[in-house]
Amino acid sequence: MSGTLAKIAEIEAEMARTQKNKATAHHLGLLKARLAKLRRELITPKGGGGGGPGEGFDVAKTGDARIGFVGFPSVGKSTLLSNLAGVYSEVAAYEFTTLTTVPGVIRYKGAKIQLLDLPGIIEGAKDGKGRGRQVIAVARTCNLILIVLDVLKPLGHKKIIENELEGFGIRLNSKPPNIGFKKKDKGGINLTATCPQSELDAETVKSILAEYKIHNADVTLRSDATADDLIDVVEGNRVYIPCIYVLNKIDQISIEELDIIYKVPHCVPISAHHRWNFDDLLEKIWDYLKLVRIYTKPKGQLPDYTSPVVLPSSRTTVEDFCVKIHKNLIKEFKYALVWGLSVKHNPQKVGKDHTLEDEDVIQIVKK
């Protein structure tokens, strides 16, 4: 373990020493690839089953979405969680208080949203210190990450936390890089770029892939990509998660400062203690989660608007809806009647491939 850490530190030091310019781009690309490989070893340790998963950190996924709260000790994460969910997570005055996760569930617009405190993702967690590893595994399953920052010292913390999460292969508020990558049996490295590249050239791409012992592959760069983008695609274990920065303790700053904060993207200023601006925060959470609510209508009755079936916006066909209700429902499915934005006339008879929109009303007709 410590060997890997030493290697990582060594590479990071060398990267810091190296000037960034065209001549060194190649060398830096190589170092980045080596670093990514070492980091992966930390996240998924080699060697058999030894030392089972950490206690108290497998949280059953309940509800329609899961939000992870990340932040330094004593920025008011626990207060925010308790006040949002009425969950009582042990609040004490010393560092590292929350060690196991107490999931809270809030209902918002009919959706059940699970709130998780992700303790101790502090410097060193990605190096396997603290409860780091299990926390990361849970963090990677979240639909949204809230980074809670103290408004008085936000930027330093923000940088550190972002670096931590990046180190675990979590990419915040970004889309997967537009790079086609396909391994082959023979034929060498075949590089095509559909637009001018400022960082990657054939040589750099080859050497990065060689680090991974890949000597035959088709690589298509469809956007101006960086070495990091290429490494992300080759590693293939990256998760892309939206993220909101929650600036807490705004009761301690002036109105002018608050105006500036409001202009920062992905940012919501709040006061967890005074419960200020929670509605804004919830609204933004809802925005970023991109959930779709579908109301059910039993035959001959009014639609049930109290408990919608909630689907992620990536999977909203009638079939997805059926699967969410019961795995056998699709076998008995004949057609569905849909009222709402996704259809031209109300009700409309649709098949299982029809895509539903937010707040549609559906009635399933069985065989």
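Anyway, here's the lowdown on the structure attached to this text. The model shown is predicted, which means the values in this text are computed figures rather than measured ones. Residue positions are given per chain, counted from 1 along the sequence in the order it is written. This being a predicted model, a pLDDT of at least 70 is required before a residue's local features are given, and a value of 80 or more before pairs of side-chain atoms are given or counted; all residues contribute to the totals for chains, interfaces and linings. Computation of side-chain values covers all heavy atoms of the structure but excludes hydrogens and water.

Description of the pairing of strand β8 (residues 217-221)
The buried label goes to any residue with under 20% of its type's maximum accessible area, the exposed label to any with over 50%, and the partly exposed label to all in between, with areas taken from a 1.4 Å probe on protein chains only. Secondary structure elements follow DSSP: runs of H or I no shorter than four residues count as helices, runs of E no shorter than two count as strands, and numbering proceeds from the N terminus. Only one face of β8 is buried, namely the one carrying Ala-217, Val-219 and Leu-221, since none of Asp-218 and Thr-220 on the opposite face is buried. For two strands to be treated as a pair, DSSP must find no fewer than two bridges joining them. In this sheet, β8 lies alongside strand β6 (residues 179-183) in antiparallel orientation, the contact comprising 5 bridges. Among the inter-strand pairings, Ile-179 is bridged to a residue of β8, identified as Leu-221. Note that strand β7 (residues 189-193) and β8 share 5 bridges and pair parallel. Bridging from a neighbouring strand, Leu-191 pairs with Val-219 of β8. Seen with the strands pointing away from the viewer, any crossover whose path from the first strand over the helix to the second strand runs clockwise is right-handed. Each parallel crossover has a hand, and for β7 linked through helix α6 (residues 202-211) to β8 it is left-handed.

Focus on the packing of aromatic side chains
Planes of paired rings set the category: under 30 degrees apart is stacked, over 60 is edge-to-face and the rest tilted, where pairs are Phe, Tyr or Trp rings (Trp by its six-membered ring) whose centres lie within 6.5 Å. In the structure shown here, the tally under the stated rule is 1 aromatic pair. Geometrically, a charge over a ring is one whose NZ (Lys) or CZ (Arg) sits within 6 Å of the ring centre while staying within 35 degrees of the ring normal. If you follow Lys-37 out to its NZ or CZ, it ends over the ring of Tyr-212, 5.8 Å from the centre. For Lys-158, the ring lying beneath its charged end belongs to Tyr-245, and the centroid distance is 4.8 Å.

Quick notes on the nonpolar core
Here, nonpolar core means buried Ala, Val, Leu, Ile, Met, Phe, Trp, Tyr and Cys residues that are tied together by side-chain atoms lying within 4.5 Å of each other. Counting 55 residues, the largest nonpolar core has Ile-67, Phe-69, Leu-80, Ile-145, Ile-147 and Ile-285 as its most contacted members. Sort the elements by how many residues they give to this core and helix α9 (residues 278-289) lands first, with 7 residues. When neighbours within four sequence positions are excluded, Leu-80 is seen to be in contact with Phe-69, Val-148, Val-246, Ile-270, Ala-272, Phe-278 and Leu-281. Formed by 18 residues, the second largest nonpolar core is a distinct cluster that contains Ile-189, Tyr-212, Val-219 and Leu-221. In what follows, residue pairs with any heavy atoms lying within 4.5 Å of each other are defined as contacts.

With respect to the packing of α6 against helix α7 (residues 227-235)
Fitted lines through C-alpha atoms serve as axes, helices being fitted only where they are in contact, and the angles separating the N-to-C directions of these axes extend from 0 to 180 degrees. Between α6 and α7, whose axes approach to 11 Å, the crossing angle comes to 35°. Considering how the two elements wind past one another, α6 and α7 form a crossing that is right-handed. Contacts from Val-205, Ile-208 and Leu-209 in α6 reach Ala-227, Leu-230, Ile-231 and Val-234 in α7. Note on convention: near helix rotated counterclockwise from far helix by under a right angle means a left-handed crossing. Clockwise means right-handed.

Details of the pattern of salt bridges
Any carboxyl oxygen of Asp or Glu that lies within 4 Å of a side-chain nitrogen of Lys or Arg is treated as forming a salt bridge with it. Applying the stated rule across the entire model yields 13 salt bridges. Between Glu-283 and Lys-109 there is a salt bridge, and its shortest N-O distance comes to 3.4 Å. You can see Glu-283 sitting in helix α9 and its partner Lys-109 sitting in the loop between β2 (104-108) and β3 (111-117), a full 174 residues away along the chain. Two residues, Glu-162 and Lys-158, come together in a salt bridge whose shortest N-O distance is 3.5 Å. In this pair, Glu-162 and Lys-158 both sit in helix α5 (residues 154-167), 4 residues apart, roughly one turn of the helix. Shared partners join several salt bridges into a network, and the residues in it are Glu-166, Arg-171, Asp-232 and Arg-238.

Overview of helix α10 (residues 318-325)
Of all the positions in α10, only Val-318, Phe-321 and Cys-322 are classed as buried. All buried residues of α10 project into a common sector of 100° when viewed along the axis, lining one side. When we speak of the arc, we mean the arc of directions from the helix axis to the C-beta atoms.

With respect to the environment of Leu-165
Topologically, Leu-165 is positioned in helix α5. Under the relative-accessibility criterion, Leu-165 is labelled buried at 0%. Separated by 26 residues in the primary sequence, Leu-165 and Ala-139 have C-alpha atoms spaced 8.7 Å apart.

Focus: the pairing of strand β16 (residues 360-366)
Working note: regular strand, side chains alternate between the two faces of the sheet. With 5 of 7 residues buried, β16 is to be regarded as a mostly interior element. Judged from the 6 bridges that link them, strand β14 (residues 333-339) and β16 form a sheet pairing that is antiparallel. By the bridge assignment, Ala-336 is partnered in β16 with Ile-364.

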